[in-house]
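Coordinate inspection notes
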Amino acid sequence: MNLSVSTEESNGQVVLKVAGEIDAYTAPKLKETLLPLVKDSSNNIQVDLEEVNYMDSTGLGVFVSALKSSKESKSNFELINVQDRVYRIFEITGLDEIIQIKAAIRGVNE
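Calculation criteria
- Residues numbered from 1 in each chain as written.
- Predicted model: local features only at pLDDT ≥ 70, side-chain atom pairs only at ≥ 80, totals over all residues.
- Heavy atoms only, no water.
- Helix = DSSP H or I, 4+ residues; strand = E, 2+ residues; numbered from the N terminus.
- Rg over C-alpha atoms; globule rule 2.2 N^0.38 Å.
- Buried < 20%, exposed > 50% of the residue type's maximum accessible area, 1.4 Å probe, protein only.
- Contact = heavy atoms within 4.5 Å.
- Areas by Shrake-Rupley, 256 points an atom, 1.4 Å probe, with all protein chains shown as cover.
- Expected span 1.5 Å × (residues − 1).
- Polar contact = N/O pair within 3.5 Å; in protein donor to acceptor, adjacent residues only side chain to side chain.
- Pairing = 2+ DSSP bridges.
- Axes fitted to C-alpha atoms, helices over the stretch in contact; angles between N-to-C directions.
- Arc of directions from axis to C-beta.
- Core = buried A, V, L, I, M, F, W, Y, C linked by side-chain atoms within 4.5 Å.

1. Points about the overall build of the protein chain
Summing up its helical and strand segments, the protein chain has three helices and five strands in all. The secondary structure elements of the protein chain, listed N-terminal to C-terminal, are β-β-α-β-α-β-α-β. Computed over the C-alpha atoms, the radius of gyration of the protein chain is 13 Å, within 12% of the 13 Å expected from 2.2 N^0.38 for a compact globule of 110 residues. With respect to the three principal axes, the spread of C-alpha positions in the protein chain is 30 × 30 × 25 Å. Per-residue burial for the protein chain yields a buried fraction of 45% across its 110 residues. Pairs at least 24 apart in sequence give 59% of the contacts found in the protein chain among residues at least 6 apart. About 5900 Å² of surface is accessible on the protein chain, with carbon and sulfur atoms providing 45% of the total.

2. Quick notes on helix H2 (residues 57-73)
Along its 17 residues, H2 runs 24 Å from first to last C-alpha, staying within 8% of the 24 Å computed at 1.5 Å per residue. Along H2, the residues that are buried comprise Gly59, Leu60, Val62, Phe63, Ala66, Leu67, Ser69, Ser70 and Ser73. Looking at the buried residues of H2, the elements they touch are strand S2 (13-22), helix H1 (27-38), strand S3 (44-55), strand S4 (76-82) and helix H3 (84-93). Structurally, the start of H2 carries an N-cap: the backbone nitrogen of threonine 58 is 2.9 Å from a side-chain oxygen of aspartate 56.

3. Topic: the sheet that holds S2
Overall, mixed pairing links the five strands, which are arranged S1-S2-S3-S4-S5 in an open sheet. At either margin of the open sheet sits one strand with a lone partner, and together these are strand S1 (3-10) and strand S5 (101-103). Going from strand to strand, the sheet's axes swing by 20° on average, the running direction of each strand aside. Bridge count for S2 against S3 is nine bridges, and the pairing is parallel. By the bridge assignment for S3, glycine 20 is matched with valine 52. Sitting on the sheet, H3 touches S3, S4 and S5, and the angle it makes with S3 is about 110°.

4. Regarding H3
If you check which residues of H3 are buried, you get Val86, Tyr87 and Phe90. Around the axis of H3, the buried residues are gathered within 100° of arc, so they sit on the same side. In H3, those exposed residues whose orientation departs by more than 90 degrees from the buried face are Arg85 and Ile92. Once H3 ends, the next one or two residues include glycine 94, with phi positive near 80°.

5. Remarks on the nonpolar core
Membership of the largest hydrophobic core comes to 32 residues, with the highest contact counts inside it found for Ile22, Val47, Phe63, Phe77, Leu79 and Phe90. If you tally residues by element for this core, the top one is H1, at six residues. Setting aside residues no more than four positions away along its own chain, phenylalanine 77 makes contact with Val38, Ile45, Val47, Phe63, Ala66, Leu67, Ser70, Ile99 and Gln100.

What follows is the structure, encoded as structure tokens:
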């Protein structure tokens, strides 16, 4: 399956809408869009994963890289509308403790 990545911006808030599957084949596309956004210290980024139904460890790597870059540049990013199946990957790896995540189905604000 392909990955669709689009950016919307309003009032200093950047929303990166992601749809499809994040895996070894599609993660580079996400990374090339997300990393420049988090490297800009004026950005407040929300990555909307509502339409992502599958993610492997390559996707986790993209978000770990984004977290590192955001801390270095003092920008802010969070994952929103994370489906239960994808959220579980963050829980298993413990990344839900260090990345700001708002789950979609459970309505949990981490």
